[in-house]
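# Coordinate analysis (summary)
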Amino acid sequence: MAWNALGRLLTGGKVKKVYVPSSARSLDDDERELVELARRTIDAQTDAGPNEEGIHTVGAAVMAADYRMFAGVNLYHFTGGPCAELVALGAARARGARQMRCIVAVGNHGRGVIGPCGRDRQVFVDYYPAMRVIVPTPAGLRSVLAADLMPLAQRWTPEAGMNGLDPSLYQDPETAGPPIIRFNPRYLDDVRSGAKTKTTRFRDPAQLGPARLVFESDPEVVLPAEVTDIRHCLVSDLTNQDAQAEGLTTAAELREGLKGHYPDLAETDEVDIITFQITDKTDAP
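Residues numbered from 1 in each chain as written. Predicted model: local features only at pLDDT ≥ 70, side-chain atom pairs only at ≥ 80, totals over all residues. Heavy atoms only, no water.

### Here we look at unusual backbone geometry
In this structure, tyrosine 67 takes a positive phi of about 75 degrees despite not being glycine. With respect to the helices and strands, tyrosine 67 occurs in the loop between strand E3 (58-64) and strand E4 (69-73). A relative accessible area of 23% places tyrosine 67 in the partly exposed class. The backbone of histidine 109 shows a phi angle near 55 degrees, a positive value even though the residue is not glycine. Positionally, histidine 109 belongs in the loop between strand E5 (100-107) and strand E6 (112-114). Judged by relative accessible area, which is 39%, histidine 109 ranks as partly exposed. (Helix = DSSP H or I, 4+ residues; strand = E, 2+ residues; numbered from the N terminus. Buried < 20%, exposed > 50% of the residue type's maximum accessible area, 1.4 Å probe, protein only.)

### With respect to the sheet that holds strand E15 (residues 270-278)
Spatial ordering of the open sheet is given by E11-E13-E14-E15-E12, a layout of 5 strands whose pairing is mixed. In the strand order of this sheet, the two ends are held by strand E11 (180-183) and strand E12 (198-201), each with one partner. Across the sheet, the mean angle separating the axes of adjacent strands is 40 degrees when strand polarity is ignored. Note that strand E14 (residues 221-234) and E15 share 9 bridges and pair antiparallel. Looking at E15, one finds that histidine 232 is bridged to aspartate 272. (Pairing = 2+ DSSP bridges. Axes fitted to C-alpha atoms, helices over the stretch in contact; angles between N-to-C directions.)

Here it is as structure tokens:
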């Protein structure tokens with residue numbers, strides 16, 4: 001796995017190289033919102049004052065593949081009470097989330113983002129190796145692949161125990177192949193049958209050409225597809241035809257469904273209507 005120099009620090013008059021995983025990148029708006037959710041959660045729920053020990057001192061937030069966000073706080077105990085990240089992952093699963101996009105932990109009383117402990121990193125690699133993890137670096141917060149936090153790690157599964165090294169763990173699924181468009185698994189049958197040929201997205205850009213339609217089931221299903229058209233329009237300008245291409249009836253019904261995915265969506269916001277067609281009726285590997 002390649003590691004890149006992020007920069008150089010002056011420490012005690014000496015220049016020091018700082019390395020971060022090659023998958024590291026700056027945070028996007030959704031990831032910054034995730035950090036803020038974790039911060040708000042622990043600020044509201046901590047049981048310790050500044051410089052005091054407590055049971056609940058770290059908050060975490062995880063973003064599912066469909067951009068829903070879930071939060072949790074740690075439960076300290078000398079026998080190994082769960083870290084906040086594991087609590088947040090459990091909360092996400094309890095609400096039906098199966099695939100995770102990103103996770104972050106934040107300390108109470110303004111301590112900021114905290115990198116995951118070794119146990120959490122191993123859990124991430126075992127269950128969500130392609131999930132991104134927000135970590136502090138000398139250049140600021142960065143989002144990195146979970147697998148990159150455990151160089152040359154071997155995954156453990158309940159079925160097979162400890163597996164050998166899998167090089168695919170170190171491939172960013174967003175860049176190793178055609179672009180990904182993620183779907184709730186309830187749309188799988190309609191997409192396969194051709195009843196659904198469009199998807200309307202807000203702040204989730206796509207591009208013309210080959211694509212992978214990823215359905216967040218357990219295990220996930222991937223269908224190869226071709227994006228044939230992308231139209232930009234205001235929410236208020238959505239048509240009945242747009243709704244019918246998504247298996248709905250009216251534009252009002254489509255707008256209502258979009259607001260279920262994007263609660264802050266306004267009539268004046270611009271969305272992308274993405275038209276696609278399946279290029280292979282069998283599931284992609």
